[in-house]
Amino acid sequence: QVQLVESGGGLVQAGGSLRLSCAASGRIFSINVMGWYRQAPGKQRELVASISNGGITNYADSVKGRFTISRDNPKNTVYLQMNSLKPEDTAVYYCSAVKLWGPPDYWGQGTQVTVSS
């Protein structure tokens, strides 16, 4: 099993920045891809960004150029630096982990990000 614990959410004004962190514990060696998803009220959960063990990244079009995902393997932690935040970025952000490829095998509990206009 893998446990994921997020931190760093909060309230920020439009144009501001936040950094989310996700600390992983447990059977870390089994994880290949880590990522961030978000879910806004009334909407489906969507992939925001992901990063593989080898550093290959993938971003949703809506966040390209504004968000950066990074991974500190020795610390078993993945980060999401969010800049130029917009009200439409408001959502609960979930950390995820994938053992090989495909949909997540593990989820964090979620952290709220609210961007005011």
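Refer to the preceding data block for the structure.
What counts and what doesn't
- Residues numbered from 1 in each chain as written.
- Predicted model: local features only at pLDDT ≥ 70, side-chain atom pairs only at ≥ 80, totals over all residues.
- Heavy atoms only, no water.
- Helix = DSSP H or I, 4+ residues; strand = E, 2+ residues; numbered from the N terminus.
- Rg over C-alpha atoms; globule rule 2.2 N^0.38 Å.
- Buried < 20%, exposed > 50% of the residue type's maximum accessible area, 1.4 Å probe, protein only.
- Contact = heavy atoms within 4.5 Å.
- Lys, Arg positive; Asp, Glu negative; His and termini not counted.
- Charge placed at Lys NZ, Arg CZ, Asp CG, Glu CD.
- Phe/Tyr/Trp six-rings, centres within 6.5 Å; stacked < 30°, edge-to-face > 60°.
- Polar contact = N/O pair within 3.5 Å; in protein donor to acceptor, adjacent residues only side chain to side chain.
- Disulfide = S-S within 2.5 Å.
- Salt bridge = Lys/Arg side-chain N within 4 Å of Asp/Glu carboxyl O.

Asker: Can you help me understand the overall build of the chain in this one?
Answerer: Looking only at helices and strands, the chain features 0 helices and 11 strands. Sequence-ordered secondary structure for the chain, helices as α and strands as β, is β-β-β-β-β-β-β-β-β-β-β. Compactness check: the chain gives a C-alpha radius of gyration of 13 Å against a globular reference of 13 Å for 117 residues, within 12% of the reference. With the principal axes as the frame, the chain shows a C-alpha extent of 40 × 25 × 25 Å. Within the chain, the proportion of its 117 residues that are buried is 45%. For the chain, long-range pairs separated by at least 24 residues make up 54% of all intrachain contacts whose partners lie at least 6 apart in sequence. Side chains of the chain give 11 positive and 7 negative charges; the mean places of these two sets differ by 3 Å.

Asker: Help me out: how do you make sense of the packing of aromatic side chains in this one?
Answerer: Aromatic ring pairs: the centre-centre distance and the angle between the two ring planes describe each pair. In total, this model carries 2 aromatic pairs according to the counting rule given. With a centroid separation of 4.9 Å and 70° between ring planes, the pair formed by Y37 and W107 is classed as edge-to-face. A residue pair is termed long-range when its members are at least 10 positions apart, and Y37 in strand β4 (residues 33–39) and W107 in strand β10 (residues 106–107) qualify at 70 residues. Taking the relative accessible area as the measure of exposure, Y37 reaches 17% and is therefore buried.

Asker: I tried to follow the environment of S17 on my own but got confused; where do I start?
Answerer: One can find S17 in the loop between β2 (10–13) and β3 (18–26). A polar atom in the side chain of S17 sits 2.9 Å from the side chain of N83.

Asker: Before we go on, may I ask you to explain the state of the cysteines in this structure?
Answerer: Two cysteines whose sulfur atoms are joined by a covalent bond form what is called a disulfide. On inspection of all chains with the given rule, the structure shows 1 disulfide. Linked covalently through their sulfurs, C22 and C95 form a disulfide whose S-S length is 2.0 Å. Here the S-S torsion is close to -85°, and the disulfide linking C22 with C95 is therefore left-handed. Taken together, the residues span a long stretch of sequence, with C22 in strand β3 and C95 in strand β9 (residues 91–98) at a distance of 73 residues. Summarising the burial analysis for this pair, C22 and C95 share the class buried.

Asker: Looking at this model, I keep getting lost on the pattern of salt bridges. Mind explaining?
Answerer: Proximity of charged atoms lets side chains of opposite charge pair with each other. Taken as a whole and judged by the stated rule, the model has 4 salt bridges. Ionic pairing is found between E46 and R38, a salt bridge with its closest N-O pair at 2.7 Å. Taking the relative accessible area as the measure of exposure, R38 reaches 6% and is therefore buried. Its salt-bridge partner being R66, residue D89 comes within 2.7 Å of it at the nearest N-O pair. Taken as a pair, D89 in the loop between β8 (77–82) and β9 and R66 in the loop between β6 (57–59) and β7 (67–72) lie far apart in primary sequence, 23 residues in all.

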